[in-house]
Protein chains: 2
Amino acid sequence: MISDAHSYHHGDLRSALVEAGLRLARDGGVNALGLRELTRSVGVTPNAAYRHFADRQALVLAVAAEAQNRLARAIRERLGAIPGDADPAERAVHQLREVSLGYIHFAVSEPGWFELAFLMQDESRGDECVTIDDYVPPYQFLLDALDGMVHAGVLTPERRADAEWVCWSGVHGIADLATRGPLQGLDRSVIDMLAARVVDTTLAGLRT
Amino acid sequence: MISDAHSYHHGDLRSALVEAGLRLARDGGVNALGLRELTRSVGVTPNAAYRHFADRQALVLAVAAEAQNRLARAIRERLGAIPGDADPAERAVHQLREVSLGYIHFAVSEPGWFELAFLMQDESRGDECVTIDDYVPPYQFLLDALDGMVHAGVLTPERRADAEWVCWSGVHGIADLATRGPLQGLDRSVIDMLAARVVDTTLAGLRT
DNA sequence: AACACCATGTTCACACCGTATACAAGGCAC
DNA sequence: GTGCCTTGTATACGGTGTGAACATGGTGTT
């Protein structure tokens, strides 16, 4: 009996915990990921989690990895929707815009997951992700877009240096201001306008 | 007897709690501000805090207000150190740079306080600050610097619109990347270089 | 000067949390 | 079938924030 609900063994508790974590963190963010509340929502004893995670932090990181994966997927989908027939320069700029606006849009529409995703960005614990997607950090999309701009001739190699941090700063800054900061709760239209303004200004500054 | 150490009444518990909060949050950030640990470090019973704060969150916000005050003071000091004999345009740009770099420098050198200061930026609870300084949110310095640039003619009124959010995004973004994100732990010199790059690029983009 | 009041700090109590340790229930290899 | 090994359970401990009742001592009133 593989999926008997009343089986002594749960079957795939680890995945169940991560899924429940995503559901709970969606509203409530990282502090909604209590070990007890999490196991309770799966219908299992608190200590059962310790068979799959060293401690609460490890469980949170596993959920965070999946959240970061979803951020990457959101950006990739926007990149995939770019029409391919434009000229290379325009296309490269368009790619950078989509990476940036995708990052911001994800943060605003899923602030709980965004908080988790950013939490992952230091301790690069190589934990397994739940989905089978080959994992690509969102960071990589930014690098690719900037390299594409250099290749297309819209960004000099000189100004390419450290440009990823300049872009990421502006993009992450507006995202953080909109999710945790003074821009919290503003209309999506206002945020979108400010986001576009940040991205355009940074782009203009890079090309000078 | 005003300051008898063994007096039944503490004297000024509220201030003492906020000061202890600043001391504890300096390393350890906001989650080091446990109500019990805080009252313990002052030498008083946990529930004594409830005579001065509604709950733990109110106490944290009071500490956060003071942290934001120190951020403002740090920026003001840098603004005060600007030589006044330069021409207005150069001076206005210099002011914006000092506001930006002061924000970033404070974040990097006092990450715990910075975390608190940013936490304050939404719920504008009008709690009293500990110091007697007339309180000016750091935000105001940014507005003044940008208005100064318009007045000096280095920024068109058209590009002035929403420029505070563009600047704040870049500045806060690099600060967050350096304190909570992937830039965590890097050498101060590297952070300084990246910070200058962010500020310069944003400035260039604004002036286009 | 005596008294009542009130602000302030204490004591006790409760529910919750993360986690350690010991135990039990099944699945698997031989 | 028998023994092991993985997985979930039971119990317990120290930590947390918070509420209610109580004690203390300064302050204003008569």
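Residues numbered from 1 in each chain as written. Chains lettered and ligands numbered in written order. Predicted model: local features only at pLDDT ≥ 70, side-chain atom pairs only at ≥ 80, totals over all residues.

Explain the overall build of chain A to me, please; I cannot follow it from the model alone.
Within chain A, the secondary structure is distributed over 9 helices and 0 strands. The order of α-helices and β-strands along chain A, N terminus first, is α-α-α-α-α-α-α-α-α. Counting across all 208 residues of chain A, residues that qualify as buried make up 38%. Taking the intrachain contacts of chain A between residues at least 6 apart in sequence as the baseline, contacts between residues at least 24 apart amount to 71%. (Helix = DSSP H or I, 4+ residues; strand = E, 2+ residues; numbered from the N terminus. Buried ≥ 20, exposed ≤ 12 C-beta atoms within 10 Å, placed from the backbone. Contact = placed C-beta atoms within 7 Å.)

Please clarify how the protein's contact with DNA strand D should be interpreted in this entry.
Neighbouring residues of DNA strand D: 18 residues in total, closest A:His10, A:Thr45, B:Gly34, B:Arg36 and B:Arg56. Taken together, the residues of the surface near DNA strand D sort by class into 7 nonpolar, 6 polar and 5 charged. (Near = placed C-beta within 6 Å. Nonpolar A, V, L, I, M, F, W, Y, C, P; charged D, E, K, R; others polar.)

What is the right way to look at the relation of the copies chain B and chain A in this model?
Mapping between the two copies of the chain is achieved by a rotation about an axis and a shift along the axis. Turning chain B through 180° and shifting it by 0.0 Å along the axis lays it on chain A, with an RMSD of 0.0 Å. When the rotation and shift are considered jointly, the pair of chain copies conforms to a two-fold rotation axis. (Least-squares fit on C-alpha atoms with pLDDT ≥ 70 in both.)

Is there a simple way to think about the interface of chain B and chain A in this case?
Note: interface size is frequently given as the accessible area lost on complex formation between the parts. Taken together, the contact pairs 27 residues of chain B with 27 residues of chain A. Mapped onto the side of chain B that touches chain A, the elements with two or more residues apiece are α8 (163-179) and α9 (188-207) of chain B. For the side of chain B that touches chain A, the leading source of residues is α8(B), giving 11 residues. Residue classes in the side of chain B that touches chain A are distributed as 12 nonpolar, 11 polar and 4 charged.

It is not clear to me how helix α1 (residues 13-26) of chain A should be interpreted in this structure. Could you clarify?
Note that an α-helix has 3.6 residues per turn; residues three or four places apart therefore point the same way. Residue and element names in this part refer to chain A. An ideal rise of 1.5 Å per residue puts 20 Å on 14 residues; α1 measures up with 20 Å between its terminal C-alpha atoms. Every buried residue of α1 is accounted for by Leu 17, Val 18, Ala 20, Gly 21, Leu 22 and Ala 25. Two residues or fewer after α1 comes Gly 28, characterised by a positive phi angle close to 115°. (Expected span 1.5 Å × (residues − 1).)

Explain the nonpolar core here, please?
Within soluble globular proteins, side chains that are nonpolar tend to cluster in buried spots. Membership of the largest hydrophobic core comes to 114 residues, with the highest contact counts inside it found for A:Val63, B:Val63 and B:Ile174. Not counting the four nearest positions on each side in its chain, B:Val63 is found in contact with B:Val18, B:Gly21, B:Leu22, B:Ala25, B:Leu33 and B:Leu116. (Core = buried A, V, L, I, M, F, W, Y, C linked by C-beta atoms within 7 Å.)

I would appreciate a short explanation of the confidence of the model for chain A in the present structure.
The predicted coordinates should not be examined in detail at positions where pLDDT is low. Residues of chain A with pLDDT of at least 70 account for 88%, and the chain-wide mean is 90. Note on residues 1-6 of chain A: pLDDT is under 50 here. Beyond four places in sequence and across chains, it has 3 contacts. (pLDDT = per-residue confidence, 0-100.)

I tried to follow unusual backbone geometry on my own but got confused; where do I start?
Where the residue is not glycine, phi is negative for most of them; where a peptide bond is considered, it is trans in most cases. All names here are of chain B. The residue Asp 162 is not glycine, and still its phi comes out positive at about 65°. Mapped onto the elements, Asp 162 comes out in the loop between α7 (157-160) and α8. A tally of 14 C-beta atoms within 10 Å means that Asp 162 is categorised as partly exposed. Located in the positive-phi region is Thr 208, a residue other than glycine, with phi close to 40°. Here Thr 208 shows up in the segment after α9.

What should I look at first to understand the packing of helix α6 (residues 138-152) of chain B against α8(B) in this one?
For any two helices packed against each other, one specifies the inter-axial angle together with the distance between the axes. Residues and elements named next belong to chain B. Across the interface, α6 lies against α8 with an axial gap of 10 Å and an inter-helix angle of 125°. Taken together, the axes of α6 and α8 lie oblique to each other. As for how α6 packs across α8, the hand of that crossing is right-handed. Every residue of α8 that contacts α6 at Leu 142, Leu 143 and Leu 146 is listed here: Ala 163, Glu 164, Cys 167 and Trp 168. Here the residues of the contact of α6 with α8 are counted per class, giving 6 nonpolar, no polar and 1 charged. (Axes fitted to C-alpha atoms, helices over the stretch in contact; angles between N-to-C directions. Parallel < 35°, antiparallel > 145°, perpendicular 65-115°, else oblique. Left-handed = near helix turned anticlockwise from the far one by under 90°.)

Looking at this structure, I do not really get the environment of A:Trp165. What am I missing?
With respect to the helices and strands, the residue A:Trp165 is situated in helix α8 (residues 163-179). It is 41 Å that separates the C-alpha atoms of A:Trp165 and A:Ala48, two residues lying 117 residues apart in sequence. Apart from residues no more than four positions distant in its own chain, A:Trp165 is found in contact with B:Ile174 and B:Leu194.

Can you help me understand the environment of B:Ala117 in this one?
All names here are of chain B. Inspection of the secondary structure puts Ala 117 in helix α5 (residues 111-119). A count of 24 C-beta atoms within 10 Å places Ala 117 in the buried class. When the C-alpha positions of Ala 117 and Arg 26 are compared, they lie 12 Å apart, and in sequence the two are 91 residues distant. Apart from the residues lying within four places of it in its own chain, the contact partners of Ala 117 are Ala 64, Ala 67, Gln 68 and Leu 71.

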